[in-house]
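Residues per chain, in single letters:
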Amino acid sequence: MIEYESLGQSNAAFMTELEAAAVRVIRSGWYVLGKEVSAFEAEFGTYIGAKHCIGVANGLDALILSIEALDLPKGSDILVAANTYIATILAILRAGHQPVLVEAELATFNMDPALLPGAMTKKTRAICVTHMFGKICRMDAIAAFAKEHGLKLIEDCAQSHGAKLNGKMSGTFGNAGCFSFYPTKNLGAVGDAGAITTDDDALADRLRHLRNYGSKQKYVNKYPGVNSRLDELQAALLRVKLQHLDAMTAHKRALADIYDQHLPDWVIKPRRREDEFDVFHIYGIRHPERDALRQYLLDNGVKTEVHYPIPPHRQEAMAGILSGNYPIAEEQHATELSLPISNGHTADDIQRVCDVISGFTKTK
Ligand SMILES: *Cc1c(COP(=O)(O)O)cnc(C)c1O
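Here the residue numbering is sequential within each chain, running from 1 through the sequence in written order. Whole-chain, interface and lining totals are the exception, using all residues; otherwise, since this is a predicted model, local features are given only for residues with pLDDT of at least 70 and side-chain atom pairs are given and counted only at 80 or more. With hydrogens and water set aside, each side-chain value is computed from the structure's full complement of heavy atoms.

- As recorded by an unreviewed UniProt entry, the protein carries the name Aminotransferase and is attributed to Herbaspirillum hiltneri N3.
- UniProt positions are given in the numbering used here, feature names are shortened, and annotations may be inferred rather than shown by experiment. According to the UniProt record, the Sequence similarities (unreviewed entry) comment for the protein reads "Belongs to the DegT/DnrJ/EryC1 family."

Set out below in structure tokens:
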């Protein structure tokens, strides 16, 4: 059986280093907001090319705190991708604002910049983009639009560690870049973790307070904050994996090349462009008989995923909050199939997936 991803397998090459880092933290006797967190923040900020990096508890909190820290008028409209993972939308709601959905381009699964003018309202104050599946959005067009209309810009980089547009990394285009280090992400911890990148000194200072009860100095509270700290153990483990991130990305990109070359023509593959450096958090193909193809793969020993089975506007949690028709989001959710593409997979695994797919008898 080829798993969609086995995290033990993905981390196998780093096991000795991870174990040494964990032991170092346990023996240090210091477990929350210490040397490891500061070191990881400095190293990850440098990697991304941002002036500041603030570690937080998870990706959702990175989004909520960043949006809160912008201090927009309560109840502002924030433009967000209709096909994003629901966390982006939940963060906007938690921060006291209204998500306004913008459809994606099917070829990239990313927010379509051409639809931004039509989505603007009198209350629009920000855009929150998601770099879907490890492919960066067209930040040239989106950042220009935000600037022209005086909108704040937040990047959801939970799937895009190291993704670039014209050599510029995701997490450096807007006011803040929000990262998740959930175990399955391209840079994954051994538990929950997240971070925010920004070049804005004032925003960074506010975020450092907000993540720790509104306090930077013990028992002095400047803002009504929360407890959303990155812990020393996760930070130490992330420092190990950050050193291998470029190699893991190169591995995923090599596996994507095999798919690009060896999948049959009738599969709709991700768009590749010279100026987009894709990190393939997900290799998402599309096919009208997605469910039959998925079952066929399972019957032949290949596990896959769907990102995502239900679009946000169809979720029960969003009844009365999100309205309107989103045919592109529906089409993606009906036809997308995510193929195995992890650090634990070999070129042979991926070739096998291609061979199995080639044996599928399509009726459409
Ligand atoms: C994973 C993910 C998040 C949430 O990250 P957590 O660390 O699980 O809170 C947010 N947005 C997107 C697009 C994600 O894929």
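Having seen the structure, we can now continue with the description.
**Details of the packing of aromatic side chains**
So, step 1. Only centres within 6.5 Å qualify two rings of Phe, Tyr or Trp (six-membered ring in Trp) as a pair; their planes then separate them into stacked at under 30 degrees, edge-to-face at over 60, and tilted for everything else. The full count for this structure, using the stated rule, is 11 aromatic pairs.
So, step 2. Pairing Phe109 with Phe133 gives two aromatic rings, centres 4.8 Å apart and planes at 50°, and the pair type is tilted. With Phe109 in the loop between strand 4 (104-105) and strand 5 (110-111) and Phe133 in the loop between strand 6 (124-130) and helix 7 (139-148), the pair connects residues that are 24 residues apart, well separated along the chain.
So, step 3. A residue is classified by how much of its surface remains accessible, and Phe109, at 5% relative accessible area, is buried.
So, step 4. On the numbers, 6.0 Å between centres and 45° between planes, the contact of Trp266 with Phe360 is tilted. Of the two residues, Trp266 sits in the loop between helix 10 (245-262) and strand 12 (276-277) while Phe360 sits in the segment after helix 13 (347-358), which places them 94 residues apart along the sequence.
So, step 5. A 1.4 Å probe rolled over the protein chains alone gives each residue an accessible area, and that area as a share of the maximum for its type sets the label: buried under 20%, exposed over 50%, partly exposed in between. On the basis of relative accessible area, Phe360 is assigned to the buried category, the value being 10%.
So, step 6. Put simply, the rings of Phe40, Phe44, Tyr47, Phe179 and Phe181 pair up and form one aromatic cluster.
So, step 7. When the NZ atom of lysine or the CZ atom of arginine is within 6 Å of a ring's centre and also within 35 degrees of its normal, the charge is said to sit over that ring. Sitting over the face of the ring of Tyr223, Arg206 holds its NZ or CZ atom 4.7 Å from the ring centroid. Going along the chain from the N terminus, every DSSP run of H or I of four or more residues is numbered as a helix, and every run of E of two or more is numbered as a strand.

**A look at the layout of surface pockets**
So, step 1. Estimates place the volume of the largest pocket at around 660 Å³.
So, step 2. For the lining of the largest pocket, the secondary structure elements donating two or more residues are helix 4 (59-69), helix 5 (86-94) and strand 10 (176-180).
So, step 3. In the scheme used here, Gly and all other residues not listed as nonpolar or charged are polar, with Ala, Val, Leu, Ile, Met, Phe, Trp, Tyr, Cys and Pro taken as nonpolar and Asp, Glu, Lys and Arg as charged. Considered class by class, the residues forming the lining of the largest pocket number 14 nonpolar, 10 polar and 6 charged.
So, step 4. The split into domains, and so the bounds of each, comes from an automatic or database assignment of domains. Residues from two domains meet in the lining of the largest pocket; each of domain 1 (7-102 + 113-242) and domain 2 (245-363) gives at least three. In this analysis, the protein atoms alone were mapped onto a 1 Å grid. Cavities are point sets where a 1.4 Å probe fits without being able to get out; pockets are open sets with protein on both sides within 12 Å along at least five of seven lines; lining residues have an atom within 4 Å of a point. Grid points are joined across faces, edges and corners, and a volume is the space filled by probe spheres set on the points.

**Here's the deal with the sheet that holds strand 6**
So, step 1. Pairing between two strands is assigned when DSSP locates at least 2 bridges connecting them. Overall, mixed pairing links the 7 strands, which are arranged 1-11-10-7-6-2-3 in an open sheet. Each having just a single partner strand, strand 1 (52-56) and strand 3 (98-102) make up the two edges of the open sheet. Pairs of neighbouring strands in the sheet enclose a mean axial angle of 25°, with direction left out of account.
So, step 2. Bridge count between strand 6 and strand 7 (residues 152-156): 5 bridges; the pairing is parallel. When the sheet's bridge partners are listed, Cys128 is paired in strand 7 with Ile154.
So, step 3. We call two residues in contact whenever any of their non-hydrogen atoms come within 4.5 Å of each other. For every element, the axis is a line fit to its C-alpha atoms; helices are fit only across the contacting stretch, and the angle between N-to-C directions ranges from 0 to 180 degrees. Packed onto the sheet, helix 8 (residues 201-210) meets strand 1, strand 10 and strand 11 (194-198) and runs at close to 20° relative to strand 1.

**Topic: the side chain of His281**
So, step 1. Relative to the helices and strands, His281 is located in the loop between strand 12 and strand 13 (283-286).
So, step 2. Exposure remark for His281: the relative accessible area of 10% places this residue in the buried category.
So, step 3. Among residues more than four places away in sequence, those in contact with His281 are Phe133, Gly134, Gln159, Thr184, Lys185, Asn186, Lys252 and Ile341.

**With respect to the sheet that holds strand 9 (residues 168-169)**
So, step 1. Ordered by their spatial adjacency, 3 strands build an open sheet running 9-8-12, and the pairing between neighbours is antiparallel. The open sheet has two edge strands, strand 9 and strand 12, and neither has a second partner.
So, step 2. Where strand 8 (residues 164-165) lies against strand 9, 2 bridges are found, and the strand directions are antiparallel. The residue of strand 9 that forms the bridge with Lys164 is Met169.

**Considering the nonpolar core**
Nonpolar side chains in soluble globular proteins tend to end up buried together.
So, step 1. Take the buried Ala, Val, Leu, Ile, Met, Phe, Trp, Tyr and Cys residues and link them wherever side-chain atoms come within 4.5 Å; each set so joined is a nonpolar core. Formed by 33 residues in total, the largest nonpolar core has its most connected members in Ile67, Ile78, Leu101, Ile154, Ile196 and Leu207.
So, step 2. Listing elements by their share of this core, those giving two or more residues are strand 1, helix 4, strand 2 (77-81), helix 5, strand 6, strand 10 and helix 8.
So, step 3. Per element, the largest residue contribution to this core is 6 residues, and it comes from helix 4.
So, step 4. Split by domain, this core shows at least three residues from each of two domains, domain 1 (7-102 + 113-242) and domain 2 (245-363).
So, step 5. Once residues lying within four places of it in the same chain are set aside, the contact partners of Leu207 are Ile54, Leu65, Ser66, Ala69 and Ile196.

**Topic: a nonpolar patch on the surface**
So, step 1. A cluster of nonpolar side chains, contributed by Ile26, Tyr31, Val32 and Leu233, occupies part of the molecular surface with about 350 Å² of accessible area.
So, step 2. Checked against the element boundaries, Tyr31 lands in the loop between helix 2 (15-28) and helix 3 (35-48).
So, step 3. We classify Tyr31 as partly exposed; its relative accessible area is 44%. Distance thresholds for patches are 9 Å for like charges and 5 Å for nonpolar side chains (Val, Leu, Ile, Met, Phe, Trp, Tyr), applied to residues having over 30% relative accessible area and no salt bridge. All accessibility values rest on the Shrake-Rupley procedure with a 1.4 Å probe; residue burial counts only the protein chains present in the view. By convention in these notes, a salt bridge is any Lys or Arg side-chain nitrogen within 4 Å of a carboxyl oxygen on Asp or Glu.

**What about the packing of helix 10 against helix 13?**
So, step 1. The contact between helix 10 and helix 13 brings their axes to 9 Å, and the two run at 25°. Here helix 10 is positioned roughly parallel relative to helix 13, judged by the angle of their axes. For the pair helix 10 and helix 13, the crossing hand works out as right-handed. Between helix 10 and helix 13, the residues in contact are Leu255, Ile258, Tyr259 and His262 and Ala347, Ile350, Gln351, Val353, Cys354 and Ser358, respectively.
So, step 2. Among the residues making up the contact of helix 10 with helix 13, the classes are represented as 7 nonpolar, 3 polar and no charged. In these notes the angle categories are as follows: under 35 degrees is roughly parallel, over 145 is roughly antiparallel, 65 to 115 is roughly perpendicular, and the rest is oblique. By convention the crossing between two helices is left-handed if the near helix lies anticlockwise of the far one by an angle smaller than a right angle, and right-handed if it lies clockwise.

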